[in-house]
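Residue strings, one per chain:
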Amino acid sequence: MIRIFSILAGLFFTAALLWSFGNGAYSAITDPAAVTAEEMFHKHPKQLALASDGAFGNFDHRQLQRGFQVYQEVCSACHALSQVSYRDLKQLGYNDDEVKAIAAKAQVPAYNAKTGEVKSHKGLATDHFPPVVYGGQGTPPDLSLVTKARHGGGAYVYSLLTGYQNQPAELLKHFPDAKVPDGLHYNPYFVNLNIAMPPPLTGDGQVTYGDGTKASVDQMAKDVSAFLVWTAEPSLAKQHQTGWPVLGFLLFATVLAYMAYRNIWADKKH
Amino acid sequence: MAQDAGLATPEMDAGDGVRRRDFINIAAVAAAGVGGLATLVPLISQMAPSADVLAESSTEVDISAIKPGQAIKAMYRKQPLFIRNLTPAEIAAANKVDVGSLRDPQTLDERTKEGKTNWLITLGVCTHLGCVPLGAGEGEVKGEFGGYFCPCHGSQYDTAARIRKGPAPKNLEVPEYVFNSDTIVKIG
Amino acid sequence: MSFPWANDYKPSHPFMQWMDSRLPLPRFVYDAIGAGYPVPRNLNYWWNFGFLALICLGLQVVTGIVLAMHYAANAGIAFDSVEHIMRDVNWGWLMRYSHANGASAFFVVIYIHIFRGFYFGSYKPPREMVWLLGVVIFLLMMATAFMGYVLPWGQMSFWGAKVITGLFGAIPLVGEPIQQWLLGGFAPDNAALNRFYSLHYLLPFVIVGVVVLHIWALHIPGSSNPTGVEVKSESDTVPFYPFFIAKDGWAALAFLFVYCAVVFFAPNMLGHPDNYIPANPMSTPALIVPEWYFWPFYAILRSFTFDFFFIPAKLMGVLAMFSSILIWFFLPWLDRSPVRSGKYRPLFKKFFWYGLIPSVLVLGYCGGSHAAEPYLMMSQLAAFYYFAHFLIILPIVSSIERPDPLPFSITESVLGHDDKAALGGKAALGAAA
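All figures in this text were calculated on a predicted structure; none of them were measured in a lab. (Residues numbered from 1 in each chain as written. Chains lettered and ligands numbered in written order. Predicted model: local features only at pLDDT ≥ 70, side-chain atom pairs only at ≥ 80, totals over all residues. Heavy atoms only, no water.)

**Quick notes on the domain arrangement of chain A**
All names here are of chain A. Worth spelling out the cut-off: Start and end positions for the domains come from either an automated domain assignment or a database one. When checking whether two residues touch, look at their non-hydrogen atoms; a contact exists if any pair is within 4.5 Å. The working definition used for a salt bridge is a side-chain nitrogen of Lys or Arg within 4 Å of a carboxyl oxygen of Asp or Glu. Polar contact criterion, stated in full: a pair of N or O atoms within 3.5 Å, where within protein one must be able to donate a hydrogen and the other to accept it, and residues adjacent in sequence count only if both atoms are side-chain atoms. Going along the chain from the N terminus, every DSSP run of H or I of four or more residues is numbered as a helix, and every run of E of two or more is numbered as a strand. We call Asp, Glu, Lys and Arg charged. Ala, Val, Leu, Ile, Met, Phe, Trp, Tyr, Cys and Pro are nonpolar, and the rest, Gly among them, are polar.
The domain boundaries assigned to chain A delineate domain 1 (33–84 + 139–258) and domain 2 (85–128). In this structure, domain 1 and domain 2 have C-alpha centres spaced 26 Å apart. On the domain 2 side, the residues contacting the 11 residues of domain 1 number 10 residues. The tally of links from domain 1 across to domain 2 stands at zero salt bridges. Our count for the domain 1 to domain 2 interface comes out at four residue pairs in polar contact (both at pLDDT 80 or more). Taken together, the elements giving at least two residues each to the side of domain 1 that touches domain 2 come down to α3 (61–73) and α7 (217–232). When residues in the side of domain 1 that touches domain 2 are grouped by element, the largest group, five residues, is from α3. Partitioned by chemical class, the residues of the side of domain 1 that touches domain 2 number six nonpolar, five polar and no charged.

**Observations concerning the packing of helix α4 (residues 78–87) of chain C against helix α5 (residues 92–120) of chain C**
Residues and elements named next belong to chain C. Our working definition: All axes here are fitted lines through C-alpha atoms, helices being fitted over the stretch that makes contact, and every angle between N-to-C directions spans 0 to 180 degrees.
Look at α4 against α5: their axes get within 5 Å of each other, and the N-to-C directions meet at 120°. In this structure, α4 contributes Val82, Ile85 and Met86 to the contact, and α5 contributes Gly92, Trp93, Arg96 and Tyr97. Residues that form the contact of α4 with α5 fall into these classes: five nonpolar, one polar and one charged.

**Thoughts on the interface of chain B and chain A**
Contacts between the two partners involve 18 residues from chain B and, on the opposite side, 15 residues from chain A. Across the chain B-chain A interface, the total number found is one salt bridge. A salt bridge links Lys100 of chain A to Glu60 of chain B, with the shortest nitrogen-to-oxygen separation between them at 2.8 Å. If you look at where chain B meets chain A, you find two residue pairs in polar contact (both at pLDDT 80 or more). The set of elements that each furnish at least two residues to the side of chain B that touches chain A consists of α1 (16–45) and α2 (51–55) of chain B. The dominant element in the side of chain B that touches chain A, judged by the number of residues it contributes, is α1 of chain B, at eight residues.

**So, the pattern of salt bridges**
A pair can form between side chains of opposite charge whenever their charged atoms are brought close. Residue and element names in this part refer to chain A. The line we're drawing: Only protein chains enter the accessibility calculation, which uses a 1.4 Å probe; a residue whose area is less than 20% of its type maximum is buried, one above 50% is exposed, and one in between is partly exposed.
This structure, assessed with the given rule, holds 25 salt bridges over all chains. Between Lys148 and Glu233 there is a salt bridge, and its shortest N-O distance comes to 2.6 Å. Separated by 85 residues along the polypeptide, Lys148 in the loop between β2 (117–122) and α5 (154–162) and Glu233 in the loop between α7 and α8 (236–264) bring together distant segments of the chain. Comparing Lys148 with Glu233 shows no difference in burial state: the two are buried. Connected through shared salt-bridge partners, Arg62, Arg66, Asp211 and Asp223 make up one network.

**Re the packing of aromatic side chains**
Residues and elements named next belong to chain C. How we decide: When two rings of Phe, Tyr or Trp (its six-membered ring) have centres within 6.5 Å they constitute a pair, described as stacked for plane angles under 30 degrees, edge-to-face for angles over 60, and tilted for the intermediate range.
Across all of its chains, the model carries 64 aromatic pairs over all chains by this definition. With a centroid separation of 5.1 Å and an interplanar angle of 50°, the aromatic rings of Tyr9 and Tyr30 are classed as tilted. In this pair, Tyr9 sits in the segment before α1 (14–20) while Tyr30 sits in helix α2 (residues 25–33), placing the two residues 21 residues apart along the sequence. Just as Tyr9 is buried, Tyr30 falls in that class too.

Take a look at the structure:
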């Protein structure tokens with residue numbers, strides 16, 4: 001009895017699926033989905049090699065400091081870094097006084113829920129990076145987690161920063177209506193090809209590095225990408241440093257346990 | 001499971017083989033035990049103060065606006081902190097006391113920094129049961145000895161914040177602090 | 001229960017004797033996972049996954065309790081509190097990554113456990129109750145995992161909550177009120193987040209309870225085995241301790257090695273980047289997908305793209321998605337083959353390896369992709385086979401199939417011979433099993 005019900009139920013579900021499949025196949029043939037400009041021209045991130053890559057990766061603190069400088073002088077005009085606090089910068093190799101001086105340059109608004117007052121105070125090491133007021137076009141995302149929140153991570157940021165170009169003529173040939181809208185900029189690494197952010201790194205020497213590194217656009221893009229990898233995952237180096245001993249121990253324990261298992265079963269066929 | 005002590009099976013042959021086999025079994029169990037203990041480290045230390053809490057373990061306070069005879073309450077490690085600018089009369093009153101007669105013998109000099117005897121910096125936490133004593137705020141009762149008075153159980157502190165009367169066992173605690181400058185003091 | 005030759009607990013230490021006559025907890029443990037529980041000697045490595053699932057459950061409970069000490073279930077600060085765990089709490093990143101990847105590990109293990117049951121007929125008499133309780137555990141796990149994924153309050157959390165509660169909106173007439181009741185509002189917000197948190201903390205302990213029942217029910221007939229032939233004599237079994245403790249123990253360490261490799265070196269491999277963007281009710285991610293372990297079911301949900309007679313496509317998808325798991329409840333009565341193990345079922349084996357496994361893998365792949373062609377057509381064909389397999393093929397196959405000859409006993413399958421004369425009387429029983 002139950003099997004009759006089961007076969008009927010089976011016929012019901014399979015018939016409904018065939019119906020959907022048939023309709024879908026029919027419309028796929030008669031009305032095939034058109035290729036979009038994004039599908040044709042969107043590019044995967046370029047290769048970017050950072051010191052933090054791989055299972056042995058560790059941060060290059062000098063590069064992170066340079067990246068932080070790029071963030072401060074270029075990105076921070078529009079992009080916040082809300083999850084990061086100034087005291088975290090000590091991990092980049094700054095000492096207490098330097099961190100204090102960096103924090104003191106910022107005005108941190110504090111809302112008093114009792115009085116409804118918003119007062120600003122000079123940034124302290126314990127403060128998080130303050131929110132950024134932005135009035136222009138688009139919505140600049142918070143950058144704290146951006147390398148974890150985008151496919152490609154640091155390589156994506158690097159590609160985006162160095163990927164601005166003129167809209168290819170070929171694109172307009174295929175999609176005459178897809179001209180870059182006013183105020184947007186063509187960037188094949190951006191998800192829909194047209195990004196509101198104007199090219200932020202415009203020329204060599206835009207910042208002056210303290211350590212003498214030549215501030216080419218490529219170098220600045222690399223440095224700030226490395227910095228944003230750190231902001232998204234500050235514990236990365238510790239993860240790797242903890243991970244290896246843990247895996248080593250587990251390997252040792254697994255081998256021992258396997259030998260014990262072989263011992264115990266030595267006289268039992270199974 | 002007493003009769004199962006050791007993992008040896010009856011079929012095992014005697015001699016060195018048994019000892020080597022036993023050794024591996026014991027080593028495997030010991031390794032599992034060590035691993036288990038090691039995992040306790042993160043599980044226990046996660047409850048210790050986190051980095052953001054530790055970062056607030058020191059506070060800088062601007063004392064330039066405190067006139068002699070006045071005191072302010074500041075927040076230090078999520079607890080009240082009393083910073084008091086003693087008047088010469090209060091200093092004299094504190095120094096007049098016979099230290100030997102005190103419950104917790106300390107001189108005012110021991111409780112302040114050299115050359116800054118007028119700055120009395122203490123936690124605002126009664127050493128009895130942790131209430132906040134009165135006396136730092138404008139117009140608050142200062143108690144019989146002109147220092148602080150704890151309303152919970154009636155502990156009285158003098159102008160050097162030493163316990164003089166009532167149930168509290170100790171003087172108000174003086175935290176570690178340094179004068180960064182004449183007007184900025186860093187506590188903790 | 002137990003077999004007559006099971007070791008009896010005989011405490012030798014006076015304290016253990018004192019204890020045994022007052023609270024026989026050591027005896028209980030001895031009989032459940034000690035030397036007092038005889039287990040078929042021929043269990044292969046597929047049988048380790050029950051124990052591994054138990055380890056995963058323990059891991060999730062411990063790391064979950066730790067995370068709950070630092071997490072704040074408030075829509076305004078939930079996302080930040082997770083970042084606080086990642087950045088400021090001592091070893092917080094380890095706790096969170098262990099928990100997030102622990103959920104994935106749990107599902108990997110449980111899927112292998114379930115498919116072992118499918119293949120070796122573990123759902124068949126006399127173990128139907130073990131199977132039914134197992135399906136209940138799986139449903140509870142899905143609910144728990146779904147609600148746990150909402151807690152970080154990222155984009156995927158928010159939109160996952162919205163889409164899944166939206167499924168209930170497909171129910172005719174009462175759908176919308178039910179959806180609002182589930183969320184405590186018109187869209188996921190503080191009310192939903194708080195109740196999901198509460199239930200996410202509660203359900204694991206319900207799972208622990210059902211797991212106890214699951215193991216209890218298992219211990220009545222004893223474990224099944226790869227031949228599917230029931231235990232006949234003492235030579236068919238070995239005591240759980242030390243034999244299977246040793247085997248489960250080394251398998252557990254090997255499992256932990258793989259798990260830790262992911263936790264320490266690729267902790268976001270199985271996650272979705274969008275969940276590192278705070279929840280934003282005004283902007284939908286380009287691709288909403290659940291965690292990978294829901295992909296096959298998500299693909300079934302999306303396979304129904306056209307109304308079927310008077311049934312709207314949306315309702316049909318919801319119906320099919322829930323049915324795809326609920327039909328497992330009927331499995332013991334759909335597959336009536338007298339042979340338990342797929343090893344001795346030539347026709348069943350073909351459908352299992354060339355039908356069921358590929359269809360589920362295709363469904364999983366399509367469920368993680370965009371809802372567009374060719375993924376829709378692929379998942380429609382795979383879902384077609386999935387339903388046909390359980391509802392049509394299994395009942396028919398089990399009545400027309402000619403099974404291969406079974407070994408006389410577990411001992412014979414292991415040693416190549418057995419003392420049949422001594423067991424002559426019971427042979428008929430084994431053949432019928």
